[in-house]
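Fold and contact review
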Amino acid sequence: MMSVADTARGGTAAGALSMLAAMAVIGLIDNAVALIARDMGLWQFQLVRGLICLPLLAAASVALRQPIRAVSLRAVTARSAVVTVAMSLYFGALAFLPIEQALAGLFTSPIWILVITALALRRPVGRARVAAVALGFLGLIVVLEPDPAQLSPVILMPVLGGAFYAVGMIATNTICARENALTLLTGMILCQIALSAVALALIAALAPEAAPGADGFLLRGWTWELGAAGPWLLVQAVGSLVGVGLIIRAYQLGEPSYIAPFEYAAFISGPFFAWALFGHLLGVQQLIGIVLIAAAGTLVALRMREAG
């Protein structure tokens, strides 16, 4: 007969495998955004992707017998809005930056959580967590290689996305703690559709000039000429639901503080698919920065476990 400890270890191992599978999927579909950006704008991408996801979420609700119903509509809406901004910044950056730089910005979210916890919530964080913040910030600088003489706002987009994502994660564990995963995911998808529809309407009214190819990703309006973007859009939409589902399953199976560091496997799968699809190779400096960011996030997770 298996002991409680054996069962816990088995759950943690299964959770780790689920998270690794999720990061493999996300590494592929996030690279697909750069391919989609050549023919389609960010806002059309998010809107159509959301419309593809909604019936799949409804089917999952029926299959899992888990109703999509908010305990607090206001809380779910607030969280959805914040996460939507985070993902729009991240997706927008993927058209212009190598995936390791975009991921580095988004994966600063554990660091932002500590900063928000200390400054806004006024909770003690301890010297080890302060060291984690410093380590993660150093890693971010190493990966992004910011040049003060040629500093572009684009390089800050995923970093700002990480800050908004951190606020969303805090909301998940506080005001949305009683909401189920399907409800939170549906809320985010609906918010992405709404924001994208408004952005497309503004672009249609203002008619800004969008550059050809990926350079026009942020300002391109609706287009019927999808080119090669169509199949990749379907891959991205379905893959995102599979990836998020695997992430949710991972945290259900194992202790979160043990599972969280496995999210950094995205730094392996993302650059791998960037090499497979585009021939983009990871430099030594970027590799060092990724290790520093992963170490910072792991240190945060370990301190969370000790605190628990």
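Residues numbered from 1 in each chain as written. Predicted model: local features only at pLDDT ≥ 70, side-chain atom pairs only at ≥ 80, totals over all residues. Heavy atoms only, no water.

Rules: UniProt positions are given in the numbering used here, feature names are shortened, and annotations may be inferred rather than shown by experiment.
As recorded by an unreviewed UniProt entry, the chain carries the name DMT family transporter and is attributed to Rhodosalinus sediminis. Annotation of the chain in UniProt includes, under Subcellular location (unreviewed entry), the sentence "Membrane".

1. Some words on the overall build of the chain
Spelled out, the test is: Secondary structure elements are defined from DSSP: runs of H or I of at least 4 residues count as helices, runs of E of at least 2 residues count as strands, and each element is numbered from the N terminus. For each residue, the accessible area found with a 1.4 Å probe, counting protein chains only, is set against the maximum for its type, and the residue is called buried under 20%, exposed over 50%, and partly exposed in between. The contact criterion used throughout is that any non-hydrogen atoms of two residues lie within 4.5 Å. For the accessible areas, the method is Shrake-Rupley and the probe is 1.4 Å, while residue cover comes only from the protein chains on display.
A tally of helices and strands in the chain yields 12 helices and 0 strands. Of the regular secondary structure in the chain, the N- to C-terminal order runs α-α-α-α-α-α-α-α-α-α-α-α. Counting every position in the chain, which comprises 308 residues, the buried fraction comes to 45%. A separation of at least 24 residues holds for 87% of the contacts in the chain among residues at least 6 apart in sequence. By element, 70% of the accessible surface of the chain is carried by carbon and sulfur atoms, the whole surface being about 15200 Å².

2. Some details on the environment of G254
Within the secondary structure, G254 sits in the loop between α9 (229-253) and α10 (256-259). In sequence terms G254 and A16 are 238 residues apart; their C-alpha atoms lie 7.5 Å from each other.

3. Quick look at the nonpolar core
The condition that has to hold: Residues enter a nonpolar core if they are buried and are Ala, Val, Leu, Ile, Met, Phe, Trp, Tyr or Cys, with the set joined through side-chain atoms within 4.5 Å.
Core analysis: the biggest nonpolar cluster contains 57 residues, and M23, F45, Y90, F91 and F267 have the highest contact counts within it. Per element, the largest residue contribution to this core is 8 residues, and it comes from helix α8 (residues 181-206). In contact with F91, other than residues within four places in its own chain, are D30, V33, L42, F45, Q46, R49, F217 and Q236.

4. Re the packing of helix α2 (residues 42-64) against α8
Heads up, the condition is: All axes are obtained by fitting lines to C-alpha atoms, using only the stretch in contact for helices, and the reported angles, taken between N-to-C directions, cover 0 to 180 degrees. Roughly parallel covers angles under 35 degrees, roughly antiparallel covers those over 145, roughly perpendicular covers 65 to 115, and oblique covers all other angles. Crossings are assigned a handedness: left-handed for a near helix turned anticlockwise from the far helix by less than a right angle, right-handed for a clockwise turn. Three categories are distinguished: nonpolar for Ala, Val, Leu, Ile, Met, Phe, Trp, Tyr, Cys and Pro, charged for Asp, Glu, Lys and Arg, and polar for the others, with Gly belonging to the last.
Remark: α2 packs on α8, axes separated minimally by 8 Å, with the N-to-C direction vectors making an angle of 155°. With respect to α8, the axis of α2 lies roughly antiparallel. Where α2 crosses over α8, the handedness of that crossing is left-handed. Considering only residue class, the contact of α2 with α8 consists of 18 nonpolar, 7 polar and 1 charged.

5. Here we look at the packing of helix α3 (residues 73-94) against α8
At a minimum axis separation of 8 Å, α3 and α8 run at an interaxial angle of 60°. Considered as vectors, α3 and α8 are oriented oblique to each other. Considering how the two elements wind past one another, α3 and α8 form a crossing that is right-handed. Of the residues in α8, those touching α3 at V76, R79, S80, A81, V83, T84, M87 and S88 are T183, L184, G187, M188, C191, Q192 and L195.

6. Structural notes on helix α7 (residues 157-173)
Put simply, the rule is: Helix span is expected to be 1.5 Å times the residue number reduced by one.
For α7, built from 17 residues, the straight-helix expectation of 24 Å at 1.5 Å per residue is met to within 8% by its first-to-last C-alpha distance of 25 Å. Residues of α7 that are buried include every one of M157, P158, V159, G161, G162, A163, A166, G168, I170, A171 and T172, and no others.

7. Side note on a nonpolar patch on the surface
Stated formally: In this analysis, a patch consists of residues with relative accessible area above 30% that form no salt bridge, clustered at 9 Å for like charges and at 5 Å for the nonpolar side chains Val, Leu, Ile, Met, Phe, Trp and Tyr. Just to be clear on terms, a salt bridge is a Lys or Arg side-chain nitrogen sitting within 4 Å of an Asp or Glu carboxyl oxygen.
A contiguous nonpolar patch, built from L56, L234, V238 and V242 and spanning about 310 Å² of accessible area, is present on the exposed surface. The element best represented in the nonpolar patch is α9, accounting for 3 residues. Residue L56 is classed as partly exposed on the basis of its relative accessible area, which comes to 37%.

8. Some remarks on the side chain of D30
Threshold: Note that His is not counted, nor are the chain ends; the positive residues are Lys and Arg, and the negative ones are Asp and Glu.
Structurally, D30 is set in helix α1 (residues 4-36). R49 provides the closest opposite charge to the buried, unpaired D30, separated from it by 6.9 Å. Once residues within four sequence positions are removed from consideration, D30 is found in contact with Y90, F91, L94, I99 and Q236.

9. Side note on the side chain of T186
Here is the rule: Polar contacts, as counted here, are pairs of nitrogen or oxygen atoms within 3.5 Å of one another; within protein the pair requires one atom able to donate a hydrogen and one able to accept it, and residues that are adjacent in sequence qualify only if both atoms are side-chain atoms.
As for its position among the elements, T186 is in helix α8. A distance of 2.7 Å separates a polar atom in the side chain of T186 from the backbone oxygen of L182. T186 has contacts with L54, L57 and I68, leaving out every residue within four places of it along the chain.

10. Quick look at unusual backbone geometry
Of note in this structure, R65 is not a glycine but carries a positive phi near 55°. Among the secondary structure elements, R65 is positioned in the loop between α2 and α3. Phi is positive for A207, which is not a glycine, with a value near 50°. Residue position: A207 is located in the loop between α8 and α9. The class for A207 is exposed, based on a relative accessible area of 60%.

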